[in-house]
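Descriptive analysis of the structure
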Amino acid sequence: MRGHKTSLLFYLPVDFTICIFYKKILAIIPTLEYNEFNANGGVFMIGYMTASTAAEKWNISHRRVITLCQENRIPNVTMLGNMWVIPSDAIKPIDGRTLRYEKKIPAKPFIKWAGGKGQLLPIIREFYPKELGVSIKRYCEPMVGAGAVLFDILNNYEMEEIYICDTNVQLINLYRVIQNNVEKLIGLLSQYETTHLNKSDEERKEYYYQQREKYNTEIQNSGDNNSVVRAGLFIYLNKTCFNGLYRVNKKGLYNVPMGSYKNPKICDEDNLKRVSKLLQRVTVFEGDYSTIKDLVDENTFVYFDPPYRPLTRTAEFTSYNAEDFNDTEQVRLSEFIKSISLAKVMASNSDPKNTDENDNFFDDLYLGLNINRVSANRAINSKGDNRGKISELLICNY
């Protein structure tokens, strides 16, 4: 013992061979550096503190500090004999237990979409393959639409590869703009929202049709130079149009009338930023669903959400592209699904038996696969008549 009565100088057979304990602060000094600095009359100390001191400093229990040390959550922590010593300038680690219980705000679809799966998600989750996120690390959604299932998987599963595509060129442009240029998009949407909300009902109507005409002009001259404008107009029209429809005529021009919304949320900045962050993990490309064929293997989950086969003539209101998705296209899709049997595949569609119990179109088409009838709250026709619980199909090859 030398010097102050509460100081202790001792030697240990470890890399840091000289240790000084003073008022609960430990200094561990390599012998050579200690001797060199003392020879020049200086002082060289690497400050450490005990676990009990850290507990007092960070207002947590001593046991919790020990656990953090054992989990290597504190940089440069080390053992001194049978006790932990911690750098005196160490910052209290973020408590992972608290993070687990904090409510995480998930990203959600950024557009409204006819036939969107948001309401049906709790049921769809029950049919996810049990290997999802374990041995299944690749996800493909080749008819992505608003992406309700996509975002559910992005929010809740650690996937190594995610691929989405769609034949709707403007929809894919929107995904890419959110992925790569979200700040400019937010700025544009903020302008649209302010302008729209500050107008009277008649002025809003005039403004809507002006923007619809502008959108149709822009999409006929699509290019990198107007990608953000096209994306912004897509969202503006989607948030203010009738029922969130995306419908084009035979010329490919958007023709949905204005809807009636008192205070539409055109610029959801926080959600767009969350979506943009998640989309950094996603490969986005334009194309028909058949383009994913070379991407799937036994470790892939594929979800198809095609335009539904209409239950009635008045339900046929979603001309998604200039070409209709008719029964011939439904047959073609079923053949493709059967051709990728190596992957785990799920597909949604309408259930013809809601209106005709003798209609076995999908039962025959997907014979040999698991056809699950689930309850959904939807309108049977475009006018919203007969809205209520109806049956929908979840078709799985597993």
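Everything numeric here is computed off the predicted structure, so don't read it as measured data.

The method is simple in principle: a probe with the dimensions of a water molecule rolls over the atoms, and the space it marks as empty is what remains. The tally for this structure, following the rule as stated, stands at one cavity of 30 Å³ or more. Considered as a void within the structure, the largest cavity measures approximately 40 Å³ in volume. Along the walls of the largest cavity sit Tyr215, Phe234, Leu237, Asn238, Leu245, Tyr246 and Tyr254, which together make up its complete lining. At three residues, the largest contribution of residues to the lining of the largest cavity is made by helix H10 (residues 227-240).

Burial in helix H3 (residues 62-70) covers these residues: Arg64, Val65, Ile66, Leu68 and Cys69. Once H3 finishes, Asn72 follows within two positions and takes phi at roughly 60°, a positive value.

What follows deals with the packing of aromatic side chains. The final tally for this structure, using the stated rule, is 20 aromatic pairs. Taking the centre distance of 5.6 Å and the plane angle of 40° together, the rings of Tyr139 and Phe301 count as tilted. In this pair, Tyr139 sits in strand S7 (residues 138-141) while Phe301 sits in strand S10 (residues 300-304), placing the two residues 162 residues apart along the sequence. Like Phe301, Tyr139 is buried. Between Tyr215 and Tyr254, the aromatic rings sit 5.9 Å apart at their centres with planes inclined by 85°, giving edge-to-face as the arrangement. Within this pair, whereas Tyr215 is found in helix H9 (residues 201-219), its partner Tyr254 is found in the loop between H10 and helix H11 (269-279), the two being separated by 39 residues in sequence.

Given a rise of 1.5 Å per residue, 14 residues ought to cover 20 Å, and the 20 Å separating the end C-alpha atoms of H10 matches this to within 8%. For H10, a buried count of 13 out of 14 residues is recorded, marking the element as mostly surrounded by other parts of the structure.

Turning our attention to the pattern of salt bridges. Tallied over the full model, the rule gives 12 salt bridges. A salt bridge links Arg138 to Glu161; its shortest N-O distance comes to 3.1 Å. In this pair, Arg138 sits in strand S7 while Glu161 sits in strand S8 (residues 161-166), placing the two residues 23 residues apart along the sequence. Here Arg138 falls in the buried class, since its relative accessible area comes to 16%. Judged by relative accessible area, Glu161 falls into the partly exposed class, the value being 27%. Bridged by salt links that share partners, the residues Arg138, Glu161 and Asp297 form one connected network.

Take the environment of Leu253 next. With respect to the secondary-structure elements, Leu253 resides in the loop between H10 and H11. Note: C-alpha distance between Leu253 and Asn216 (37 residues apart in sequence) is 5.7 Å. Every residue in contact with Leu253, bar those within four places of it in the chain, is listed here: Asn216, Gln220, Arg247 and Val248.

Rules used in this analysis
- Residues numbered from 1 in each chain as written.
- Predicted model: local features only at pLDDT ≥ 70, side-chain atom pairs only at ≥ 80, totals over all residues.
- Heavy atoms only, no water.
- 1 Å grid on protein atoms, 1.4 Å probe; cavity = no way out; pocket = protein on both sides within 12 Å on 5 of 7 lines; lining within 4 Å.
- Points joined across faces, edges and corners; volume = space filled by probe spheres on them.
- Helix = DSSP H or I, 4+ residues; strand = E, 2+ residues; numbered from the N terminus.
- Buried < 20%, exposed > 50% of the residue type's maximum accessible area, 1.4 Å probe, protein only.
- Phe/Tyr/Trp six-rings, centres within 6.5 Å; stacked < 30°, edge-to-face > 60°.
- Expected span 1.5 Å × (residues − 1).
- Salt bridge = Lys/Arg side-chain N within 4 Å of Asp/Glu carboxyl O.
- Contact = heavy atoms within 4.5 Å.

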